[in-house]
Amino acid sequence: MTAHAWSSPGVRARAMWPSQPGALRTRPLPRESAASYLTHLAGIYQLTAAQLLGGPNIATAGTFAAPPATGIHLSAEAAHRLSALTRIPPAHLTRALARQPPPASIGMAHAAIARWQPIPPAMQPLPACTIRRSPHQAAPAWIHPASNSPRIMICTRHQQASSDSRHPAPLDIRPVPELTGPRPTASRTTTASLSWASTITTRWYDHQQHLHQRWLARLDRLTDANPHIPPGPASPALTCRDLITYPETLTLATALDRLPPHPLTRAQQTAFLHHLADRLRLPRLAPADHDLLWHRLNTR
């Protein structure tokens, strides 16, 4: 998944409760969850999301929990009324908000219905860059990463990032400049290469191989700068893993993407490992026979 450089300038909304449809004008960020958007929108007017939806007579069902634990499904009529309320054209609102296929009872309904649904942890949005949607409100927007990319969100403008929905807010990555340094982007590599690279670096990380000292130092800098990272039940070593290994994952994915479709000779494998070690800034790279990198080099 591509690490997106989220640019999140403040968006102004009129500081009064609307007396007629169309008085709101606060836009969602690209791929923001509908629950995140509605929660922030309601907060501007010191309302709950249900109260906000009640204004245009959208009936809500299900149990609400703060993002990222729940999502909300809107019927077509509900989406139309939300569009009128926010003065955002339906097509624009649909493109911006991350949408999951609604249940048949919602998607086929002719009434204005919204239903809160729990989201499995593996599919929950991530806290993107903290944004200010009113003069008195600043909070993270919860964004769904692109489906064909790593679960990483990076804002180069504000030097913030996230890789786990268990983080209550984006992480300050100023002490880890390598996360935003110039490098090939995930969008330039194939999904297969990114998947292989992520699996390989995760194995290296978990088994403390090759880049362990570099990643450990990076973890220390990241946790020192972010005391708000929850200490448990999952430790920062786990919840920050994808972010810590991300620069090397992209480097490896780029190298794997350039492999020929046929098996490499032994000499070609040696040359590839020498080149990869240079790209990873390692004096040498000598994976063991059971290393997943060897498996990838011999898989076609």
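Right above here is the structure, for reference.
Since this is a predicted model, take the numbers as computed values, not measurements.

1. Regarding the overall build of the protein chain
The number of helices and strands found in the protein chain is 12 helices and 10 strands. For the protein chain, with 300 residues in total, the buried portion stands at 48%. A separation threshold of at least 6 residues defines the contact pool for the protein chain, and within that pool the share at least 24 residues apart is 73%. For the protein chain, the computed accessible surface area is about 14800 Å², with 56% contributed by carbon and sulfur atoms.

2. Some thoughts on the sheet that holds strand β10 (residues 171-172)
What the three strands build is an open sheet, ordered β8-β9-β10; its pairing is antiparallel. Pairing within the sheet leaves two strands with one partner each, and these edge strands are β8 (153-155) and β10. Where strand β9 (residues 160-162) and β10 come together, two bridges link them in antiparallel fashion. Its bridge partner being in β10, Q160 is matched across the sheet by D172.

3. Examining unusual backbone geometry
Residue P68 is bonded to the preceding P67 through a cis peptide linkage, with omega at 15 degrees. Following the sequence through the fold, P68 ends up in the loop between β2 (59-61) and β3 (70-74). In this structure, Q46 is a non-glycine residue whose phi angle is positive, near 55 degrees. Relative to the helices and strands, Q46 resides in the loop between α1 (34-44) and α2 (49-54). Q46 sits in the exposed class, given a relative accessible area of 76%. The phi dihedral of H210 falls on the positive side, at around 65 degrees, and the residue is not glycine.

4. Focus: the pairing of β3
Of all five residues making up β3, five are buried, and the element is well covered by its neighbours. In β3, alternate side chains face the same way, and those of T70, I72 and L74 on one face and G71 and H73 on the other are all buried. Here β3 pairs with strand β5 (residues 113-118) via five bridges, running antiparallel. Bridge pairing in β5 places L74 opposite A114.

Cut-offs used in this document
- Residues numbered from 1 in each chain as written.
- Predicted model: local features only at pLDDT ≥ 70, side-chain atom pairs only at ≥ 80, totals over all residues.
- Heavy atoms only, no water.
- Helix = DSSP H or I, 4+ residues; strand = E, 2+ residues; numbered from the N terminus.
- Buried < 20%, exposed > 50% of the residue type's maximum accessible area, 1.4 Å probe, protein only.
- Contact = heavy atoms within 4.5 Å.
- Areas by Shrake-Rupley, 256 points an atom, 1.4 Å probe, with all protein chains shown as cover.
- Pairing = 2+ DSSP bridges.

Bear in mind that shape data such as this cannot, by itself, settle questions of function.
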